[in-house]
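Overview (structure and organization)
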Amino acid sequence: MRPVLDSDLLRTFVAVAETGNFTRAAEKAGRTQSAVSMQMKKLEDMVGDNLFERGSRGVALTRRGGELIANARRIVSLLDETAASLVAPPLGGLVRIGIPAEYGRSILSRALGEFAKRHPRVEVTVRYAHSDSQVRALAAGELDLAVVFEWEGSSGGEVLMHDPTVWVTSTLHHMHEERPVPIALYSRNGWCRDFAIKSLQQRGLDYRVAYTSDTNGGLTLAVTSGLAIAPISRSNIPQDCRELTAADGFGDIDSSNVVLHRNPLATGEAIDGMENAIREAFMLTRQTGAAAGL
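Taking an unreviewed UniProt entry as the reference, the protein is identified by name as LysR substrate-binding domain-containing protein belonging to Mesorhizobium argentiipisi. According to the UniProt record, the Sequence similarities (unreviewed entry) comment for the protein is "Belongs to the LysR transcriptional regulatory family."

Now the structure itself:
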């Protein structure tokens, strides 16, 4: 028979795992140390394996405990979220977001998914555009929140992530080996000429513009199809592609930060909630990138 897991046992298990100590976990859970020990013994009996390794400095998760902790945290988080939703009045209203298109799938889908579970009555509008346009829209009062790239200096916004733009090539087509090297660029002036082309000129690389696009998706298509190399933020390098490093004769194009700005006139719990959801989504992306060595 499958064990019927008690959420109270899982909550105590998470407390022990996070504190690394039965005494501190007991204080956190509002129980006695003996009660916590009995709970963990009961959970280990249900699982059929040891969940902790005991040592002089406390306890550490065993391999089996490490397998259980992720699901336990998710269950406890969902229970807390559900309990909060039962007592908190549902939020309504409108939240207007501006964000680079490259973060639509990796960041915004995660943020919106969590936000919509908690606040299904809030209307969300999203504007995908380049950073200069987003900053102007924010200043004009057309946006509540704007996530933008900033390449030089600090504007006073909240830095969510350091995400340099790099030259990217397909691992299947090796277009970076051609001379002149075919490149894909954004069709608008400004950033491409100031940063991307300048980075090639500084390294003495001959190039030809093989493709232009208004969108990041267009640049990604140019790379994956083997048409050209392109400037893409490091966190958004597509599958079967790689960054061109100094060893390849290339290197970073810029040292950009991803920055969150909020309209100072935008107030309300819905906007507060969305701001937190975006912040948390970027934090998870940073953690994933660090684990992958990016």
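1. Describing the overall build of the protein
In terms of helices and strands, the protein carries nine helices and 12 strands. Taken against the 2.2 N^0.38 rule, which gives 19 Å for 294 residues, the C-alpha radius of gyration of the protein at 24 Å runs more than 25% over that of a compact globule. Across its three principal directions, the C-alpha atoms of the protein cover 70 × 45 × 35 Å. Per-residue burial over the protein gives 42% buried out of 294 residues. The long-range fraction of contacts in the protein, counting pairs at least 24 apart against all pairs at least 6 apart in sequence, stands at 74%. In the form shown here, the protein has an accessible surface area of approximately 15,900 Å², with 51% of it arising from carbon and sulfur atoms. Placing the 32 positive and 35 negative side-chain charges of the protein at their respective mean positions leaves the two points 4 Å apart.

2. Notes on the pattern of salt bridges
Under the criterion given, the structure shown has 15 salt bridges. Arg-96 is the partner of Asp-144 in a salt bridge, and the nearest nitrogen-oxygen pair spans 2.9 Å. Taken together, the residues span a long stretch of sequence, with Asp-144 in the loop between helix 6 (131–139) and strand 5 (145–150) and Arg-96 in strand 3 (residues 93–99) at a distance of 48 residues. Under the relative-accessibility criterion, Asp-144 is labelled buried at 6%.

3. As for the pairing of strand 7 (residues 165–170)
Burial of strand 7 is extensive: six of the six residues sit out of reach of the surface. Covered by surrounding structure in strand 7 are Thr-165, Trp-167 and Thr-169 together with Val-166, Val-168 and Ser-170, the residues of both alternating faces. Bridging between strand 7 and strand 11 (residues 241–243) involves three bridges; their strand directions are antiparallel. The residue bridging Val-168 from the neighbouring strand is Glu-243, located in strand 11.

4. Description of the sheet that holds strand 5
Pairing is mixed across the open sheet formed by five strands, whose spatial order is 4-3-5-12-6. Two strands bound the open sheet, and with one partner strand each, they are strand 4 (122–128) and strand 6 (158–162). Going from strand to strand, the sheet's axes swing by 20° on average, the running direction of each strand aside. In this structure, strand 3 lies alongside strand 5, joined through two bridges in parallel fashion. Paired with Ile-97 across the bridge in strand 5 is Leu-145. Contacts from helix 5 (residues 104–118) reach strand 3 and strand 4, with the element oriented near 170° to strand 4. Of the strands in this sheet, strand 3, strand 4, strand 5 and strand 12 (257–262) touch helix 6, which is tilted by about 145° from strand 5.

5. Focus on helix 2 (residues 22–29)
Along helix 2, the residues that are buried comprise Phe-22, Ala-25 and Ala-26. Seen along its axis, helix 2 keeps its buried residues to an arc of 105°; they face one direction. In this structure, helix 2 carries Glu-27 and Lys-28 as exposed residues pointing more than 90 degrees from its buried face. Against helix 1 (7–19), helix 3 (33–47), strand 1 (52–55) and strand 2 (58–61) lie the buried residues of helix 2. Two or three places before Thr-23, at the opening of helix 2, Asn-21 has a side-chain oxygen 2.7 Å from that residue's backbone nitrogen. Looking at the residues trailing helix 2, positive phi occurs at Gly-30, about 70°.

6. Concerning the pairing of strand 10 (residues 230–233)
Neither face of strand 10 is open: one carries Ala-230 and Ile-232, the other Pro-231 and Ser-233, and all of them are buried. In terms of strand pairing, strand 7 meets strand 10 through four bridges, oriented antiparallel. The residue bridging Val-168 from the neighbouring strand is Ala-230, located in strand 10.

7. Remarks on the UniProt feature "domain: HTH lysR-type" (unreviewed entry) in the protein
The UniProt record annotates "domain: HTH lysR-type" (unreviewed entry) at residues 5–62. Taken as a whole, residues 5–62 contains 62% helix and 14% strand, while its terminal C-alpha atoms sit 19 Å from one another.

8. A few points about the environment of Gly-251
Looking at the element boundaries, Gly-251 is found in the loop between strand 11 and strand 12. Once the C-alpha coordinates of Gly-251 and Ala-15 are considered, the two residues, 236 residues apart in sequence, prove to be 45 Å apart. Leave out the neighbours within four places in its chain, and Gly-251 touches Trp-167, Arg-203, Leu-244, Thr-245 and Ala-246.

What counts and what doesn't
- Residues numbered from 1 in each chain as written.
- Predicted model: local features only at pLDDT ≥ 70, side-chain atom pairs only at ≥ 80, totals over all residues.
- Heavy atoms only, no water.
- UniProt positions renumbered as here; feature names shortened; annotations may be inferred.
- Helix = DSSP H or I, 4+ residues; strand = E, 2+ residues; numbered from the N terminus.
- Rg over C-alpha atoms; globule rule 2.2 N^0.38 Å.
- Buried < 20%, exposed > 50% of the residue type's maximum accessible area, 1.4 Å probe, protein only.
- Contact = heavy atoms within 4.5 Å.
- Areas by Shrake-Rupley, 256 points an atom, 1.4 Å probe, with all protein chains shown as cover.
- Lys, Arg positive; Asp, Glu negative; His and termini not counted.
- Charge placed at Lys NZ, Arg CZ, Asp CG, Glu CD.
- Salt bridge = Lys/Arg side-chain N within 4 Å of Asp/Glu carboxyl O.
- Pairing = 2+ DSSP bridges.
- Axes fitted to C-alpha atoms, helices over the stretch in contact; angles between N-to-C directions.
- Arc of directions from axis to C-beta.
- Polar contact = N/O pair within 3.5 Å; in protein donor to acceptor, adjacent residues only side chain to side chain.

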